Amino acid sequence: MNFKFVGKPLTLMLSALALTAILAGCGGSKGGSSSSKTLSSSKGSSSSKKGGLKFGKSAKDAPGIENGEIVAGARKGWSQPTPYGMVLVPSGSYMMGQADEDVSRSGISFNKRVTVAAFYMDDTEITNHEYRQFTNSLLKDSVSVLGEDKIMAEFYPDTTVWKSDFTYHNGDPMLEYYFSSPAFDQYPVVGVSWEAAKYFCLWRSKMMNEYRKKQGMYILPRFELPSESEWEWAARGGRASAKYPWGNPYVANAKGCLMANFKPHRGNYDADGYAYTAPANAYDPNDFGLYNMSGNVAEWCEDAYSDNASAVTWDLNTVNKDADEPRKVVRGGSWKDIAYYLETGTRAYELQNKKRSYIGFRSMMRYLGRPALKK
């Protein structure tokens, strides 16, 4: 539609914009206009004439092409279920980067508005017992392909990190029992490299979709590590510029109870209730239903680390993939870190092949399309 602006161009322009808004609806919702549809938009109707084309066939019997016309509807049987142990993180736009004044790191955590599409994310960090299903599967089914030495060296958690990460520290009990004892089954797995976390996601995806194929169902998007922008959006829980997943500006609630597992005082690791890691579902979840997005263990992200990432990455589904950069982004802080590393905007990194007693991970899965908004 073309408008000639004569006399009162501003009024006509506003009228045109208002008309466009009415026709388009809000937030991508269907319809928005009660006017009669044109022939080309009548796919939702059906012809009552005998022998005429039947538009709007159900997905069950839509043939795709009929009588020389395309009458394809949605294919039968598609739905995207919420994977076990995951929650849906809605799409949104936010100011990525530092949530508090940080002069020394302002160039590295430079604020930038980005948009993130909806995705599912594990509500907790991957636990020891969840990761054990992975290593047991590899030792059972993949020894002939990968070799037992490779599985144990690259994918099995390195329990020696409880001693090697710290000097003059008695980590023997954790080294011996942390991954092996049922006492720690629901604690986050550590001693896992970025490469091993990626392989876990690949194994998890293959296992799920092989089952779905056998059941005659469509495959789902693969599990992946979250990008840095996805992780930060999830950590904020929908709170704009939140310093921590629970909000601003303190690390303790009104009763003085600490909100996460970290190092709150010099030499005092136990003030939050746990000297080392805590159960993966300890403390309260954020507004998206995610536990321990700050503290407990830091978490691997998909991105390669770069000081100027905000300047070189796009602002939609931001991610920095660089196979030649061995430094990978780590977010969230851990049980041995001070509160600064718990902030949603704080960036850190570790070498992709390193295994640490304070780094774990969680997976995500992309949501195809846009989920319906709650009314």
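As annotated in an unreviewed UniProt entry, the chain is SUMF1/EgtB/PvdO family nonheme iron enzyme from Aquirufa echingensis.

Details of the pattern of salt bridges
Going through the model one piece at a time under the given rule, you end up with 18 salt bridges. Residues Glu 228 and Arg 331 are paired through a salt bridge, measuring 3.1 Å at the closest nitrogen-oxygen approach. With Glu 228 in helix H8 (residues 228–236) and Arg 331 in strand S9 (residues 327–331), the pair connects residues that are 103 residues apart, well separated along the chain. Judged by its relative accessible area of 3%, Glu 228 is buried. Taking the shortest distance from any N to any O, the salt bridge between Glu 343 and Lys 243 comes out at 4.0 Å. Taken together, the residues span a long stretch of sequence, with Glu 343 in the loop between S9 and strand S10 (348–351) and Lys 243 in the loop between H8 and strand S8 (298–304) at a distance of 100 residues. Like Lys 243, Glu 343 is buried.

Notes on the pairing of S8
Along S8, 7 of the 7 residues are buried, which leaves the element largely enclosed by surrounding structure. One ladder, built from 2 bridges, connects S8 with strand S11 (residues 359–360); its direction is parallel. Within S11, the residue paired with Glu 299 across the bridge is Gly 360. As paired strands, S8 and S9 are joined by 3 bridges and run antiparallel to one another. The residue bridging Glu 299 from the neighbouring strand is Arg 331, located in S9.

Observations concerning the sheet that holds S9
Pairing is mixed across the open sheet formed by 4 strands, whose spatial order is S10-S9-S8-S11. Both outer strands of the open sheet, S10 and S11, are each paired with one neighbouring strand and no more. Relative to S8, helix H7 (residues 194–214) is tilted by about 85 degrees, and along the sheet it contacts S8 and S9.

Some words on the side chain of Asn 320
By secondary structure assignment, the location of Asn 320 is in the loop between helix H9 (309–312) and S9. With near-sequence residues (within four places) excluded, Asn 320 lies in contact with Asp 303, Ala 304, Tyr 305, Ser 306 and Thr 313.

A closer look at the packing of helix H2 (residues 128–141) against H7
Closest axis-to-axis distance for the H2/H7 pair is 11 Å, and the angle between their directions is 80 degrees. Relative to H7, the element H2 lies roughly perpendicular. Of the residues in H7, those in contact with Glu 130, Tyr 131, Gln 133, Phe 134, Ser 137 and Leu 138 of H2 are Ala 196, Tyr 199, Phe 200 and Trp 203. Split into classes, the residues belonging to the contact of H2 with H7 amount to 7 nonpolar, 2 polar and 1 charged.

A word on the sheet that holds strand S12 (residues 364–366)
Strand order in the open sheet formed by 4 strands is S3-S6-S12-S7, and the pairing between neighbours is antiparallel. Looking at the sheet topology across the chains shown, the edges are occupied by strand S3 (86–89) and strand S7 (223–224). As paired elements, S3 and strand S6 (residues 119–122) share 4 bridges and run antiparallel to each other. The residue of S6 that forms the bridge with Met 86 is Asp 122.

Examining the layout of surface pockets
Estimated volume of the largest pocket: approximately 540 Å³. The set of elements that each furnish at least two residues to the lining of the largest pocket consists of H2 and H7. Here the lining of the largest pocket takes 6 residues from H7, the largest share from any one element. Broken down by class, the residue content of the lining of the largest pocket amounts to 11 nonpolar, 7 polar and 6 charged. In this model, the second largest pocket occupies a volume close to 320 Å³. Residue lining of the second largest pocket: Ser 137, Leu 138, Asp 141, Ser 142, Val 145, Leu 146, Tyr 199, Leu 202, Trp 203, Lys 206, Met 207 and Glu 210, and that is the complete set. Contributing elements (two or more residues each) for the lining of the second largest pocket: H2, helix H3 (143–146) and H7. Looking at which element gives the most residues to the lining of the second largest pocket, the answer is H7, with 6 residues.

Considering the environment of Lys 355
Looking at the secondary structure, you find Lys 355 in the loop between S10 and S11. Remark: the alpha-carbon pair of Lys 355 and Trp 194, spanning 161 residues in sequence, is separated by 8.1 Å. Once residues within four sequence positions are removed from consideration, Lys 355 is found in contact with Ala 153, Glu 154, Phe 155, Tyr 156, Asp 158, Val 161, Asp 165, Gly 191, Val 192 and Ser 193. Among the polar contacts made by the side chain of Lys 355, one reaches the main-chain carbonyl oxygen of Ala 153 at a distance of 2.8 Å.

Details of empty space enclosed by the protein
Scanning all chains against the criterion turns up 3 cavities of 30 Å³ or more. Taken as a whole, the largest cavity holds about 140 Å³ of empty space. If you trace the largest cavity, you find 17 residues lining it, with Met 96, Glu 228, Ala 309, Ser 310 and Arg 347 closest to the centre. Secondary structure elements with two or more residues in the lining of the largest cavity: strand S5 (112–116), H8 and H9.

So, a nonpolar patch on the surface
A surface patch of nonpolar side chains, amounting to about 280 Å² of accessible area, comprises Trp 78, Tyr 218 and Leu 368. With respect to the helices and strands, the residue Trp 78 is situated in the loop between strand S2 (69–70) and S3.

Procedures and definitions
- Throughout this description, residue numbers start from 1 for each chain and increase along the sequence as written.
- It should be noted that, the model being predicted, local features are given only for residues of pLDDT at least 70 and side-chain atom pairs only at 80 or more, the latter also being counted only at that level, while totals for whole chains, interfaces and linings use all residues.
- Computation of side-chain values covers all heavy atoms of the structure but excludes hydrogens and water.
- Each reported salt bridge corresponds to a side-chain nitrogen of Lys or Arg within 4 Å of a carboxyl oxygen of Asp or Glu.
- In this description a helix means any DSSP run of H or I spanning at least four residues, a strand means any run of E spanning at least two, and both kinds are numbered starting from the N terminus.
- Burial classes: relative accessible area under 20% of the type maximum marks a residue as buried, over 50% as exposed, and values in between as partly exposed (1.4 Å probe, protein chains only).
- Following DSSP output, two strands are said to pair if at least two bridges run between them.
- The contact definition used throughout considers only heavy atoms, calling two residues in contact when any of these lie within 4.5 Å.
- Every axis corresponds to a line fitted to the C-alpha atoms, with the helix fit spanning only the stretch in contact, and the corresponding angles, defined between N-to-C directions, vary from 0 to 180 degrees.
- Orientation is classified from the angle alone, with under 35 degrees giving roughly parallel, over 145 giving roughly antiparallel, 65 to 115 giving roughly perpendicular, and any other angle giving oblique.
- Here the term charged refers only to Asp, Glu, Lys and Arg, the term nonpolar to Ala, Val, Leu, Ile, Met, Phe, Trp, Tyr, Cys and Pro, and the term polar to all other amino acids, Gly among them.
- Buried and open spaces are told apart on a 1 Å grid over the protein atoms alone, a cavity being a set of points where a 1.4 Å probe fits but cannot get out and a pocket being an open set with protein on both sides within 12 Å along at least five of seven lines. Residues with an atom within 4 Å of a point are the lining residues.
- Grid points are joined across faces, edges and corners, and a volume is the space filled by probe spheres set on the points.
- Identification of polar contacts relies on pairs of N or O atoms within 3.5 Å, with a donor-acceptor requirement for protein atoms, meaning one able to donate a hydrogen and the other able to accept it, and with residues adjacent in sequence counted only if both atoms are side-chain atoms.
- Only residues above 30% relative accessible area that lack a salt bridge enter a patch, with like-charged residues linked at up to 9 Å and the nonpolar side chains Val, Leu, Ile, Met, Phe, Trp and Tyr linked at up to 5 Å.
- We get accessible surface area from the Shrake-Rupley algorithm with a probe of 1.4 Å; when it comes to residues, only the shown protein chains can shield them.

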